[in-house]
Amino acid sequence: TNAGAVVESVIWTGVTTNDIYKTDKLVLRRIPAGVSAGIGMAKDMYVGVFEVTQGQWSNIMGSASAAYFTNATGRMSRPMEQVSYNTMRGAPGNGIDWPASGTAVYSESFIGKLRRRTGLEALDLPFFDQWTYACQAGTTTWFNDGEAAANVSGTNGSGTNVWLEVLGRYKYNGGCPYEDVPYPYVERDCTPEHGTAIVGSYRPNAWGLYDMHGNVFEFCLEWHTVNIDRKKRSGNWDSIATNCRSAAY
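The rules we used
- Residues numbered from 1 in each chain as written.
- Predicted model: local features only at pLDDT ≥ 70, side-chain atom pairs only at ≥ 80, totals over all residues.
- Heavy atoms only, no water.
- Helix = DSSP H or I, 4+ residues; strand = E, 2+ residues; numbered from the N terminus.
- Rg over C-alpha atoms; globule rule 2.2 N^0.38 Å.
- Buried < 20%, exposed > 50% of the residue type's maximum accessible area, 1.4 Å probe, protein only.
- Salt bridge = Lys/Arg side-chain N within 4 Å of Asp/Glu carboxyl O.
- Polar contact = N/O pair within 3.5 Å; in protein donor to acceptor, adjacent residues only side chain to side chain.
- Contact = heavy atoms within 4.5 Å.
- Phe/Tyr/Trp six-rings, centres within 6.5 Å; stacked < 30°, edge-to-face > 60°.
- Pairing = 2+ DSSP bridges.
- Core = buried A, V, L, I, M, F, W, Y, C linked by side-chain atoms within 4.5 Å.
- 1 Å grid on protein atoms, 1.4 Å probe; cavity = no way out; pocket = protein on both sides within 12 Å on 5 of 7 lines; lining within 4 Å.
- Points joined across faces, edges and corners; volume = space filled by probe spheres on them.
- Nonpolar A, V, L, I, M, F, W, Y, C, P; charged D, E, K, R; others polar.

Draft legend 1. Quick look at the overall build of the protein chain. A count of helices and strands for the protein chain gives 6 helices and 6 strands. The linear arrangement of helices and strands in the protein chain, starting from the amino end, is α-β-β-β-β-α-α-α-α-α-β-β. For 249 residues, the compact-globule estimate of 2.2 N^0.38 gives 18 Å, and the C-alpha radius of gyration of the protein chain, at 18 Å, lies within 12% of that figure. Across the 249 residues that make up the protein chain, the buried fraction comes to 50%.

Draft legend 2. Local environment of the pattern of salt bridges. In the structure shown here, the tally under the stated rule is 8 salt bridges. Between Asp19 and Lys22 there is a salt bridge, with its nearest N and O atoms 3.9 Å apart. A relative accessible area of 5% places Lys22 in the buried class. The partner of Arg116 in a salt bridge is Glu108, and the shortest N-O contact between them spans 3.6 Å.

Draft legend 3. Region of interest: the side chain of Ser234. Here Ser234 lies in the segment after β6 (229–233). A polar contact is formed between the side chain of Ser234 and the backbone oxygen of Val216, at a distance of 2.9 Å. Residue contacts for Ser234: discarding those within four places in its chain leaves Trp131, Met212, His213, Gly214, Val216, Phe217, Glu218, Asn243, Cys244 and Ala248.

Draft legend 4. How the structure looks around the packing of aromatic side chains. Counting across every chain of the model gives 9 aromatic pairs. Ring geometry for Phe69 versus Trp237: centroids 5.2 Å apart, planes at 80°, classification edge-to-face. Taken together, the residues span a long stretch of sequence, with Phe69 in the loop between α2 (54–61) and α3 (85–88) and Trp237 in the segment after β6 at a distance of 168 residues. Residue class for Phe69 comes out buried when judged on its relative accessible area of 1%. Owing to a relative accessible area of 7%, Trp237 belongs among the buried residues under this scheme. Look at Tyr170 and Tyr172: their rings are 6.3 Å apart centre to centre, the planes differ by 70°, and that puts the pair in the edge-to-face class. Taking relative accessible area as the criterion, Tyr170 reaches 0% and is therefore assigned buried.

Draft legend 5. Structural view of helix α5 (residues 128–136). Counting buried positions along α5 gives 7 out of 9 residues, so the element sits mostly inside the fold. Within the sequence span of α5, burial applies to Phe128, Trp131, Thr132, Tyr133, Ala134, Cys135 and Gln136. Where the residues of α5 are buried, they touch β1 (28–31), β2 (34–36), β3 (39–41), β4 (45–48), β5 (218–225) and β6. Note on α5: the residue one or two positions beyond its end, Ala137, has a positive phi of about 50°.

Draft legend 6. Examining the pairing of β6 more closely. Across 4 bridges, the pairing between β5 and β6 is antiparallel. Considered in β6, the bridge of Glu218 is made with Arg233. Where β5 folds back on β6, the antiparallel hairpin that results is connected by 3 residues, among which Asn227 adopts a positive phi of roughly 65°.

Draft legend 7. Structural context of the nonpolar core. Residues Trp57, Met80, Tyr85, Met88, Phe110, Ile111 and Leu125 are the most contacted members of the largest nonpolar core, which totals 17 residues. Mapped by element, the contributors of at least two residues to this core are α2, α3, α4 (110–118) and β5. At 3 residues, α4 tops the list of elements feeding residues into this core. Residues Val7, Met45, Val47 and Ala134 belong to the second largest nonpolar core, which totals 16 residues.

Draft legend 8. Just empty space enclosed by the protein, in detail. If you walk through the whole model with that rule in mind, you get 1 cavity of 30 Å³ or more. Taken together, Asn144, Leu167, Arg203, Pro204, Asn205, Leu209, Tyr210, Asp211, Met212 and His213 make up the lining of the largest cavity. Its residues assigned to classes, the lining of the largest cavity comprises 5 nonpolar, 3 polar and 2 charged.

Draft legend 9. Fine view of the layout of surface pockets. A volume near 150 Å³ is recorded for the second largest pocket. As for the second largest pocket, its lining consists of Thr1, Val7, Ser9, Ile11, Thr139, Asn144, Asp145, Gly146, Arg203, Pro204, Asn205 and Ala206. Partitioning the lining of the second largest pocket into residue classes produces 4 nonpolar, 6 polar and 2 charged.

Spelled out as structure tokens, the structure:
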């Protein structure tokens, strides 16, 4: 429900019981057009059920060596991180500088290679509003579970948050338990108990999308600060709860 009102749910849990969907295959969910929390989508769109994993990245790019978390336990099912927007899509030096370059991407970027592999020429990063719409899945609450009582006030925002505990990996449910050592606090050889979690370890939203709160930041297409950085959503394994809500960036 969304604060008591029924929200249609379309969840295929089979993706979490077979690792092939986290490493060798890429599952997209059709997100219906509509209006959610004032954000309108004029037509349906497809969104990855999981964050891109190290296994999926390796299959497209040939290696996931840039990832920080390298423990062999579940590594290929942990999300890819330490990746720049330019590596994902392309840089001005490659003639790519959205919005001036439109839908064009650098051919050797992740999206460029993924377009060739899938034949999906329209495949791209989401716009800021598209990401928010997909994350909320028809809800208007702090998090995408529709819990009206959920909040990020006081210590609920800066410390343990009981609502976020089951929705995604963040600082206080294993992500970053160490406060007295320098960033990134967690050893790169740590198992998925700390740092990033294996994708799909937490509860999905009503549209079957996992890890939309926490785990790793997710790039959007637009500039956050022009010519400096692009918008990122969801928070990550080291984020406090207030930075993992659907409206935060």
